[in-house]
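Each chain, letter by letter, is given below.
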Amino acid sequence: RNSKRQIECRRDIDRLNARFLGIYESLIPPDEEKVKQKQLVTLLKKLVIKEWPEAELYIYGSCGNSFGVSKSDIDVCLAIEDLDVNKSEVLLKLADILQSDNLQNVQALTRARVPIVKLMDPVTGISCDICINNLLAVVNTKLLRDYAKIDARLRQLAFIVKHWAKSRGVNETYRGTLSSYAYVLMCIHFLQQRKPAILPCLQGMEITYAVTVDNVECAYFDQVEKLSSFGSRNKESIAQLVWAFFNYWAYWHDYANDVISVRTGSILSKRGKDWTRRIGNDRHLICIEDPFETSHDLGRVVDKFSIRVLREEFERAAEIMQYDPDPCVTLFEPY
Ligand code: GTP
Ligand code: MG
């Protein structure tokens, strides 16, 4: 009877895996969408070069890091070498140029925390945010993209986690929950910690890529095509990983003492980083170290109310993965 039960169990897991993979596939942007994004960026480049011949335009965020679901906005960074450019002036000028080229809803938000120009392309319906000289974001976008190339399970897990977070309303930094960027770092760290590891720690390896941006040294091993079998000793399936991910954040993470660190591929102590006290608005109630700006805690947006919401959601998800006969529906139920 035991072996019959095992076979049934196996079937359940296979079925659940297929369901998760189905959800993942349905979230991936179709090729034609990628083509349209490229066309819009090409158009923007053409317009920008006329005014600033030395400037570069980079895609960052989810369209560049390979963790973007279908219908995401494009995040673009305009890089201008000139060190004392006045960002507001550039943004207003840029808005002017774009406006007169048939782009819609062009808006310069010069007072935002990250000042941007927003616009919509009427041909493709794609929205786009353009910021100035945010090169650290361009570099961390490359890091995430490189991690995604190593093992397919990272992209699968991160899509499921982001989809869960959006469905449950816990992907809203202005309301004290976490950014998509933070969730992807949580997934990378989690896969670095599996035994055997599914992802390496690229910043702990031989340096093949190095840039210094805003006085921050960004260096790591980026020849990731050489690592394509890195995770193959670990046979865990996506359903198991989703279960273990939520289980970790619901019951095992030490919120009082621990900092997760993709940079070191390990857990650091809050004490070591002096993240034990509230300083200004940084409360450090859940600590996620930025891989390059190491003094930067991506959990800084979380306050004493939203930490409860977040932890309750992790617990809810863990319970569903443990007990629900049809977790793929319940997990993503709108809140
Ligand atoms: P979605 O738009 O939700 O699909 O995800 P996204 O990957 O575009 O994430 P998000 O809008 O949270 O952030 C866009 C990009 O900005 C990220 O990919 C990072 O490159 C960068 N970014 C976001 N937050 C931070 C931050 O706190 N510090 C740094 N250095 N970069 C950040
Ligand atoms: Mg984005």
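For the structure itself, consult the block above.
So, how was this worked out
Each chain has its residues counted from 1, running along the sequence as written. Chain labels run from A onward and ligand labels from 1 onward, assigned in the order the entries are written. Two thresholds apply to this predicted model, a pLDDT of at least 70 for residue-level local features and 80 or more for giving and counting side-chain atom pairs, whereas whole-chain, interface and lining totals are computed over all residues. Note: side-chain values were computed over all heavy atoms of the structure, leaving out hydrogens and water. The helix count covers DSSP runs of H or I at least four residues long, the strand count covers runs of E at least two residues long, and both are numbered beginning at the N terminus. Using a 1.4 Å probe on the protein chains alone, a residue whose accessible area is under 20% of its type maximum counts as buried, one over 50% counts as exposed, and one in between counts as partly exposed. Any two residues whose heavy atoms approach within 4.5 Å are treated as being in contact. Methods summary: accessible areas were calculated by the Shrake-Rupley approach with a probe of 1.4 Å, and residue burial reflects only the protein chains presented. None of His or the chain ends enter the tally, which takes Lys and Arg as positive and Asp and Glu as negative. The location of each charge is read from NZ of Lys, CZ of Arg, CG of Asp or CD of Glu. The span expected for a helix works out to 1.5 Å for each residue beyond the first. The criterion is simple. A nonpolar core is a set of buried Ala, Val, Leu, Ile, Met, Phe, Trp, Tyr and Cys residues joined through side-chain atoms within 4.5 Å. Here, proximity means that at least one heavy atom of the residue falls within 4 Å of the molecule or strand. Contacts described as polar in this section are N or O atom pairs within 3.5 Å, which, within protein, must combine one atom able to donate a hydrogen with one able to accept it, while residues neighboring in sequence count only if both atoms come from side chains. Computed over the protein atoms alone on a 1 Å grid, cavities are sets of points where a 1.4 Å probe fits but cannot get out and pockets are open sets with protein on both sides within 12 Å along at least five of seven lines; a residue lines them when it has an atom within 4 Å of a point. To be counted as sitting in a cavity or pocket, a molecule needs more than half of its atoms within 2 Å of that site's grid points. The classification used treats Ala, Val, Leu, Ile, Met, Phe, Trp, Tyr, Cys and Pro as nonpolar, Asp, Glu, Lys and Arg as charged, and all other residues, Gly among them, as polar. Start and end points for every domain follow an automatic or database-based domain assignment. Two aromatic rings from Phe, Tyr or Trp, using only the six-membered ring of Trp, form a pair when their centres are within 6.5 Å; if the ring planes differ by under 30 degrees the pair is stacked, by over 60 it is edge-to-face, and anything between is tilted. Ring-over charges, as used throughout, are those where CZ of Arg or NZ of Lys falls within 6 Å of the ring centre and within 35 degrees of the ring normal.

As a further point, take the overall build of the chain. Looking only at helices and strands, the chain has eleven helices and ten strands in total. Considered along the principal axes of its C-alpha atoms, the chain spans approximately 75 × 45 × 45 Å. Residue burial in the chain is summarised as follows: out of 335 residues, 50% are buried. Of the contacts made within the chain by residues no fewer than 6 positions apart, 63% connect residues no fewer than 24 positions apart. Summing over all exposed atoms, the chain offers an accessible surface of approximately 17300 Å²; the carbon and sulfur share of this is 49%. Computing the positive centroid from 45 side-chain charges and the negative centroid from 45, the chain places the two 6 Å apart.

Turning to helix α7 (residues 180-193), a few remarks are in order. The terminal C-alpha atoms of α7 lie 20 Å apart, and with 14 residues this matches the ideal 20 Å at 1.5 Å per residue to within 8%. Of all the 14 residues making up α7, twelve are buried; the element is thus mostly covered by neighbouring parts of the structure. Among the residues of α7, Tyr 181, Ala 182, Tyr 183, Val 184, Leu 185, Met 186, Cys 187, Ile 188, His 189, Phe 190, Leu 191 and Gln 192 are the ones counted as buried.

This part is about the nonpolar core. The biggest cluster of nonpolar side chains holds 73 residues, and the ones touching the most others in it are Phe 20, Trp 164, Phe 246 and Leu 331. Those elements that provide at least two residues to this core are α1 (2-27), α5 (135-150), α6 (152-167), α7, β6 (209-213), β7 (216-220), α8 (238-252) and α10 (306-323). Here Phe 20 is in contact with Ile 160, Ile 238, Ala 239, Val 242, Met 321, Cys 328, Leu 331 and Phe 332, once residues within four sequence places are set aside. Counting 27 residues, the second-largest nonpolar core is a separate cluster that includes Leu 40, Leu 47, Val 48 and Val 90.

Taken together, 18 residues are adjacent to ligand 1, and Asn 140, Lys 162, Lys 166, Ser 180 and Glu 293 come closest. The separation between an oxygen atom of ligand 1 and a polar side-chain atom of Ser 180 is 2.5 Å. Burial of ligand 1 by the protein amounts to 78% of the accessible area it has alone, namely 620 Å². With respect to the pocket detection grid, ligand 1 is positioned in the largest pocket. By residue class, the composition of the shell around ligand 1 is four nonpolar, eight polar and six charged. A domain-level breakdown of the shell around ligand 1 finds at least three residues from each of domain 1 (31-133) and domain 2 (146-330).

A few words on the packing of aromatic side chains. By the definition in use, this model includes eleven aromatic pairs. Taking 6.2 Å as the distance between ring centres and 90 degrees as the angle between the ring planes, the aromatic pair formed by Trp 164 and Tyr 183 counts as edge-to-face. Of this pair, Trp 164 sits in helix α6 while Tyr 183 sits in helix α7, and the two are 19 residues apart along the sequence. A relative accessible area of 1% places Tyr 183 in the buried class. For the ring pair Tyr 220 and Phe 292, a centre distance of 6.4 Å and an interplane angle of 35 degrees mean the geometry is tilted. One end of the pair, Tyr 220, is in strand β7; the other, Phe 292, is in the loop between β10 (287-289) and α10, with 72 residues separating them in the sequence. Judged on exposure class, the residue Tyr 220 and its partner Phe 292 are both buried. By way of ring pairs, the aromatic residues Trp 164, Tyr 183, Phe 190, Phe 245, Phe 246, Tyr 248, Trp 249, Tyr 255 and Phe 314 are connected into one cluster. The ring centre of Trp 275 lies 4.8 Å from the NZ or CZ of Lys 273, which sits over that ring. The ring centre of Tyr 255 lies 3.8 Å from the NZ or CZ of Arg 311, which sits over that ring.

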